[in-house]
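Survey of secondary and tertiary structure
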Amino acid sequence: MSRSEEFRLHERLAADTLGMGCSKLCEIRLMNDSTWPWLLLVPAVAGIREIYQLSAEQQHQLLRESSVLSEAMMDLFGGDKMNVAALGNMVPQLHLHHIVRFEGDPAWPGPVWGKQAPAPYTEAQLEQVRSLLAPVCAKLQSGV
């Protein structure tokens with residue numbers, strides 16, 4: 001499974017997220033909002049808007065990567081619920097949000113979108129979250 005040579009990260013995703021590396025299929029991106037532990041998987045396949053547009057092999061790989069990421073994030077952050085979503089209403093490029101939710105968080109139990117302005121990571125917070133997430137990113141990078 002090779003990465004698409006024509007793939008380019010959507011400008012909105014590039015502006016709103018921070019790179020955490022690449023898996024076998026996806027770019028791993030951290031949403032620059034310290035309110036929630038929030039990562040995205042962006043399949044590095046050009047022109048894809050929906051999961052069903054991926055090949056069967058790519059679909060299986062995306063599910064494997066999403067499951068590994070979801071379990072690791074819940075273990076690391078001890079949340080009450082893992083939200084996984086592929087909305088694409090604002091950004092048409094296929095991307096899967098992975099958001100650890102906590103009962104009593106600022107948007108609980110509703111969706112996080114539009115609830116409040118993002119709280120960008122400070123340098124210290126970013127260093128801490130990168131360190132915390134390094135093992136799961138390394139596992140994803142190894143091909144799962």
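Predicted model only: the values in this text are computed from it and were never measured.

If you look at the biggest cluster of nonpolar residues, it comprises 26 residues, and the most contacted ones within it are L30 and L133. Within the residue set of this core, elements represented by two or more residues are β2 (26-31), β3 (38-43), α2 (56-77), β5 (96-101) and α3 (123-141). Looking at this core, the element that brings in the most residues is α3, giving six residues. With residues near it in sequence (within four places) discarded, L133 still touches M20, L30, L39, L76 and F77.

Moving on: the pairing of β2. Of all the six residues making up β2, six are buried; the element is thus mostly covered by neighbouring parts of the structure. Here β2 shows two buried faces, one formed by C26, I28 and L30 and the other by E27, R29 and M31. Summarising the sheet, strand β1 (residues 17-22) and β2 pair through five bridges and their orientation is antiparallel. Paired with G21 across the strands is I28, a residue of β2. Remark: three residues form the turn of the hairpin made by β1 and β2, two consecutive strands paired antiparallel. As defined by bridge partners, β2 adjoins β3 across five bridges and the pair is classed as antiparallel. Of the residues in β3, the one forming a bridge with E27 is V42. What sits between the antiparallel neighbours β2 and β3 is a turn of six residues.

Criteria and thresholds
Residues numbered from 1 in each chain as written. Predicted model: local features only at pLDDT ≥ 70, side-chain atom pairs only at ≥ 80, totals over all residues. Heavy atoms only, no water. Core = buried A, V, L, I, M, F, W, Y, C linked by side-chain atoms within 4.5 Å. Buried < 20%, exposed > 50% of the residue type's maximum accessible area, 1.4 Å probe, protein only. Helix = DSSP H or I, 4+ residues; strand = E, 2+ residues; numbered from the N terminus. Contact = heavy atoms within 4.5 Å. Pairing = 2+ DSSP bridges.

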